[in-house]
Structures are given as C-alpha cells and as structure tokens.
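If you want the building blocks of each chain, they are given just below.
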Amino acid sequence: MLRTAFPSVNLICSDFVLSFDAAAMECAINTLQRYGQQRLDVNITLSAIGLIWNVSDTVRSPAVELPSEARDRLWLKLLDCLLVLGTDNRSEVRTSALQTLFKCLELHGNKLPEGTWSSVLHRILFPLFDRIKQGPEAVSDNAREEIQSIPFTTHDPQSLWADTTALAFNSFATIMANFKEQLANMQDFGETISRLADLSVDFFGRAGDKSCAASLIMFRQLVALVKDSSTANLEE
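Residues numbered from 1 in each chain as written. Predicted model: local features only at pLDDT ≥ 70, side-chain atom pairs only at ≥ 80, totals over all residues. Heavy atoms only, no water.

1. Considerations on the nonpolar core
And step 1. Among the nonpolar cores identified, the biggest contains 68 residues, and Met25, Leu79, Leu82, Phe102, Leu105, Leu125 and Phe172 are the most heavily contacted of them.
And step 2. With 10 residues, helix α4 (residues 68-85) is the largest single contributor of residues to this core.
And step 3. If we skip the residues at most four places from it in the chain, phenylalanine 172 touches Phe102, Leu121, Leu125, Phe129, Leu196 and Met218. (Core = buried A, V, L, I, M, F, W, Y, C linked by side-chain atoms within 4.5 Å. Buried < 20%, exposed > 50% of the residue type's maximum accessible area, 1.4 Å probe, protein only. Helix = DSSP H or I, 4+ residues; strand = E, 2+ residues; numbered from the N terminus. Contact = heavy atoms within 4.5 Å.)

2. Digging into helix α1 (residues 2-15)
And step 1. Here α1 is 14 residues long and its end C-alpha atoms lie 20 Å apart, about the 20 Å a rise of 1.5 Å per residue gives.
And step 2. All of the buried residues along α1 are Leu2, Phe6, Val9 and Cys13. All buried residues of α1 fall inside an arc of 60° around its axis, so they share one side. Seen from the open side of α1, the exposed residues pointing more than 90 degrees away from its buried face are Thr4 and Asp15. (Expected span 1.5 Å × (residues − 1). Arc of directions from axis to C-beta.)

3. Quick notes on the pattern of salt bridges
And step 1. If you walk through the whole model with that rule in mind, you get 5 salt bridges.
And step 2. Put simply, arginine 73 and glutamate 26 hold a salt bridge, and the shortest N to O gap is 3.1 Å. Here glutamate 26 lies in helix α2 (residues 22-37) and arginine 73 lies in helix α4, a separation of 47 residues in the sequence.
And step 3. Between arginine 39 and aspartate 88 there is a salt bridge whose closest N-O contact spans 3.7 Å. Taken together, the positions of arginine 39 in the loop between α2 and α3 (42-59) and aspartate 88 in the loop between α4 and α5 (91-108) put the pair 49 residues apart, joining distant regions of the chain.
And step 4. Put simply, Arg39, Asp88 and Arg90 are held in one network by salt bridges that share partners. (Salt bridge = Lys/Arg side-chain N within 4 Å of Asp/Glu carboxyl O.)

4. What about the packing of aromatic side chains?
And step 1. Taken as a whole and judged by the stated rule, the model has 4 aromatic pairs.
And step 2. Here phenylalanine 129 and phenylalanine 172 contribute two aromatic rings whose centre-to-centre distance is 5.9 Å and whose plane-to-plane angle is 25°, an arrangement assigned as stacked. In this pair, phenylalanine 129 sits in helix α6 (residues 114-134) while phenylalanine 172 sits in helix α8 (residues 157-178), placing the two residues 43 residues apart along the sequence.
And step 3. Taking the relative accessible area as the measure of exposure, phenylalanine 172 reaches 1% and is therefore buried.
And step 4. An aromatic cluster of at least three residues, connected via ring pairs, comprises Phe129, Phe169 and Phe172. (Phe/Tyr/Trp six-rings, centres within 6.5 Å; stacked < 30°, edge-to-face > 60°.)

What follows is the structure in structure tokens.
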C-alpha cells in the first residue's frame, strides 16, 4: 500500500502544488512528514524530504497567493517537520533533512520578517540542538539494530551522531555569516547570543573531535556577529 500510494503524493506535490491554498499546503506538509517518518522504505522517506523542499519553495514564492500570516505559519510548520526528520534515528534521513532545513533558510532567509527569524531560532534551531545533544542516548535497541544493518557505515551510533552534530553546527555557522543583519535586528538579540554561546560551550565540552571543531566554527561566527552588531550600533 505504501509503495502504491506514494507516487500519487509525489505527483500532487510536484505538479499541482502551485494551486494549493493554505489548508491544502498544510495537509501536504503533514502527509509528507508521515511518509518521511515511516520505516518500511528509506527511499520513500528521502523522496518525501525532497518533496518538502519543493513545497517550501512554493510557500515562499510570490507567485502563490497566501496571507502573510498563513505563509509564515506554514513556513514554520514545514521547518518543524524537517526538525523532526533531522533528529531521526536513521543517519541518512537526518543528513538529508538537515541539509534541506538549512538550505531552506539560506535560500529564503532574506524574505523572512524579524519575528519569524526569532521563531526559527527559538522554535526550530534551539530545539534541534537540544535533541541532537541527546544523540545516541535516545537510540532504542531496535534503532541500533537498524544502524548496524546499514552497509558501509562505522556501525557506531556515537560517530554517526557526531557527524550530525558537525553538519548542524557548520550549517548554522553559514546562516549566521549570511544573515548577520537579520539576526542582529531581533528584539531578543542579547538573549539569543547568550543561548548560542552556552550551546557552543556545552557541545565543545561533551562531544568528539568533529563536533568540537564545528562548535568552534559556530562560536567564531557568533563572535563576529556580536562584533559587527556593536560596530553598527556605535556608528549610529
């Protein structure tokens, strides 16, 4: 049934998504998340993530008539979907979902209002790192067996989660480098900087070499962000 139904979902979310209203868009996101979370066929999961990227592009497209409030709500719902899949027990699913999540932010970040940026950080990115922090401790015995059955892996959940941590930190560092002005203009900028600093220090103290290096890269971008913000305030 799963493999029979998914081609129809693929067709609808590829060829007809531009005609969706807000309710249909929300239904599509919910459906794709369910296909992404199923565990019978990982290829369908990865295809669902690809379709989520397609829907995200449509949500932010000016060619689609949506109220701004609905557009921002759908955008956050879509990112939340990628957050869930980005902390999946399957490493290839995590990688694909996180790459898609940060690619969405990088491509559409300039279109996001200040309030949405704050929501992205506090509702998506901070919870993402909280879940990644749990890492292999949250992996069930069944999930460990799944990991060990994947060919050409290290068969080491700790190493696979370290790769996920490094990907998340490096991607976040890129976002901070590319959207300094948007982040600096947030009303809760000071609180956000404090949480990001704590996050970097926490991961640096508990993780392996890959994660430590990535957390340092993000911390360097954090310092640059604060420095640029301070310079801008002095010039004003």
